[in-house]
Amino acid sequence: MGKLDGRVVLVTGAARGQGEQEARLFVAEGAAVVVADVLDEQGETLAKELGARARYVHLDVSREDDWAAAVAVAKQAYGKVDGLVNNAGILRFNALVDTPLDEFMQIVRVNQVGVFLGIKALAPEIEAAGGGTVVNTASYTGLTGMAYVGAYSASKHAIVGLTRVAALELAPKGIRVNAVCPGAIDTAMSNPALLDPATTDAEAAAEAASASVARLYRKLVPLGRIGRAEEVARLALFLSCEDSSYITGQPFVIDGGWLAGVSVM
Ligand SMILES: NC(=O)c1ccc[n+]([C@@H]2O[C@H](COP(=O)([O-])OP(=O)(O)OC[C@H]3O[C@@H](n4cnc5c(N)ncnc54)[C@H](O)[C@@H]3O)[C@@H](O)[C@H]2O)c1
């Protein structure tokens, strides 16, 4: 028996990275998964590979009309939606004083407004299905600062706040809302070298970049390595299934101990 048998979960940003691993794990645990992203080719390919219990839908999380269309696709395919993983996100590096307003707003629109729109669109559906779960993807930078990612960190702090408010408002409707706060996870976001290198030279450059990322996290993270997308997927599964039945409104840090404090070697 799977932990998500009979459930229907929409995962945003599911074409690659953590969202992809969440989609794979949730299908393996018995759920039907709506794979939502703006990367249509990758999303379609993944949904095809996952089979009848997966369906791809184009969903730009910052667009309210896209959310309405995605809900319609999900209900048509599977009759209901009773789970949401708000995973889509973007990151840009810039000093605060150098950040153009457009860049700041783009990050807020995708990371913060996207989560708001997702909860707004899905909560009535989850309630109508008899209750369920929402998992928002914040970040450890949603709980502490990090230089040169001001817009990102602000948007992730906002997600933690939204998670708490949504948990309070939606508890009477049978909906639990929690957040995952990953530290450094080995995906294209933290390591663009993972994106398909086009030439042999680029492959060598990508390998060198991966090695330097690995060295960096060996020093920074108490557990001595960068995290894996599958590890975050397992936390999202825990928060989406009955194992977490008495938990709502909480941010869960998954960072190899990075936030625990300063280690002196
Ligand atoms: N990788 C890390 O170190 C790390 C750390 C903390 C938090 N996070 C968060 O984890 C989540 C997943 O990121 P990831 O690490 O898998 O990176 P990723 O870049 O591989 O995945 C992000 C996904 O979001 C999608 N996306 C971007 N804009 C979108 C939009 N407007 N609408 C719908 N989809 C959109 C992308 O196409 C991509 O598939 C993000 O919210 C990110 O902020 C990542």
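In the nomenclature of an unreviewed UniProt entry, the protein is known as Glucose 1-dehydrogenase of Streptomyces tauricus. Under the UniProt heading Sequence similarities (unreviewed entry), the note attached to the protein is "Belongs to the short-chain dehydrogenases/reductases (SDR) family."

Engineer: How should the pattern of salt bridges be read in this particular structure?
Structural biologist: Between side chains of opposite charge, a pair can form as their charged atoms come close. A full pass over the atoms with the stated rule returns 12 salt bridges. A salt bridge links K75 to E125; the shortest N-O distance between them is 3.0 Å. Of this pair, K75 sits in helix α3 (residues 64-78) while E125 sits in helix α4 (residues 101-128), placing them 50 residues apart in sequence. Several salt bridges share partner residues, and in doing so they unite R7, K80 and D82 into one network.

Engineer: So what exactly am I meant to see when it comes to the packing of helix α1 (residues 17-28) against helix α2 (residues 40-50) here?
Structural biologist: In helix packing, the relevant descriptors are the interaxial angle and the interaxial distance, both defined with respect to the helix axes. Relative to each other, α1 and α2 sit at 15°, their axes nearing to 11 Å. The angle between α1 and α2 places the two elements in the roughly parallel class. In this structure, the crossing between α1 and α2 has a hand that is right-handed. Facing E20, A23, R24 and V27 of α1, the residues of α2 in contact are L46, E49 and L50. Classifying every residue of the contact of α1 with α2 gives 4 nonpolar, no polar and 3 charged.

Engineer: Looking at this model, I keep getting lost on empty space enclosed by the protein. Mind explaining?
Structural biologist: The probe, sized like a water molecule, is rolled over the atoms to show the empty space still left. In this structure the tally under the stated criterion is 1 cavity of 30 Å³ or more. By volume, the largest cavity is sized at about 40 Å³. Sorting the residues of the lining of the largest cavity by element identifies α4 and α5 (150-170) as the ones contributing at least two each. The dominant element in the lining of the largest cavity, judged by the number of residues it contributes, is α5, at 3 residues. Residues belonging to the lining of the largest cavity are distributed by class as follows: 6 nonpolar, 3 polar and 2 charged.

Engineer: Explain the packing of α1 against helix α7 (residues 229-240) to me, please; I cannot follow it from the model alone.
Structural biologist: In the contact formed by α1 and α7, the axes pass within 8 Å of each other and the chain directions differ by 55°. In terms of orientation, α1 lies oblique with respect to α7. The crossing of α1 and α7 is right-handed. In this structure, α1 contributes G17, Q18, Q21, E22, L25 and F26 to the contact, and α7 contributes A229, E230, V232, A233, R234, A236, L237 and S240. By residue class, the composition of the contact of α1 with α7 is 7 nonpolar, 4 polar and 3 charged.

Engineer: How should I be thinking about the sheet that holds strand β3 (residues 54-58) in this particular structure?
Structural biologist: For sheets, the rule is that strands pair by backbone hydrogen bonds, running either parallel or antiparallel. If you trace the 7 strands from one edge of the open sheet to the other, you get β3-β2-β1-β4-β5-β6-β7, paired in parallel fashion. The open sheet terminates on both sides in strands that have one partner only, identified here as β3 and β7 (251-254). Each strand axis lies, on average, 20° off the axis of its neighbour in the sheet, ignoring direction. Seen against the sheet, α2 touches β2 (32-37) and β3 and runs at an angle of roughly 165° to β3. Packing of α5 onto the sheet brings it into contact with β5 (132-137), β6 (175-182) and β7, and relative to β6 it is tilted by some 160°.

Engineer: Could you clarify how one ought to interpret the packing of aromatic side chains in this entry?
Structural biologist: Any two aromatic rings considered together are summarised by their centre-to-centre distance and by the angle between their planes. Scanning the model with the defined rule gives 2 aromatic pairs in all. Consider the rings of Y140 and W258, whose centres lie 4.5 Å apart with planes at 25°: the pair is stacked. Highlighted residues: Y140 in the loop between β5 and α5 and W258 in the segment after β7, separated in sequence by 118 residues. Here Y140 matches W258 in class, with each residue buried. Measuring from centroid to centroid gives 5.8 Å for Y217 and W258, while their planes differ by 80°, and the two rings are edge-to-face. Of the two residues, Y217 is situated in helix α6 (residues 200-220) and W258 in the segment after β7; the sequence distance between them amounts to 41 residues. The buried category is assigned to Y217, whose relative accessible area is 11%. Joined through ring pairs, the aromatic side chains of Y140, Y217 and W258 make up one cluster.

Analysis parameters
Residues numbered from 1 in each chain as written. Predicted model: local features only at pLDDT ≥ 70, side-chain atom pairs only at ≥ 80, totals over all residues. Heavy atoms only, no water. UniProt positions renumbered as here; feature names shortened; annotations may be inferred. Salt bridge = Lys/Arg side-chain N within 4 Å of Asp/Glu carboxyl O. Helix = DSSP H or I, 4+ residues; strand = E, 2+ residues; numbered from the N terminus. Axes fitted to C-alpha atoms, helices over the stretch in contact; angles between N-to-C directions. Parallel < 35°, antiparallel > 145°, perpendicular 65-115°, else oblique. Left-handed = near helix turned anticlockwise from the far one by under 90°. Contact = heavy atoms within 4.5 Å. Nonpolar A, V, L, I, M, F, W, Y, C, P; charged D, E, K, R; others polar. 1 Å grid on protein atoms, 1.4 Å probe; cavity = no way out; pocket = protein on both sides within 12 Å on 5 of 7 lines; lining within 4 Å. Points joined across faces, edges and corners; volume = space filled by probe spheres on them. Pairing = 2+ DSSP bridges. Phe/Tyr/Trp six-rings, centres within 6.5 Å; stacked < 30°, edge-to-face > 60°. Buried < 20%, exposed > 50% of the residue type's maximum accessible area, 1.4 Å probe, protein only.

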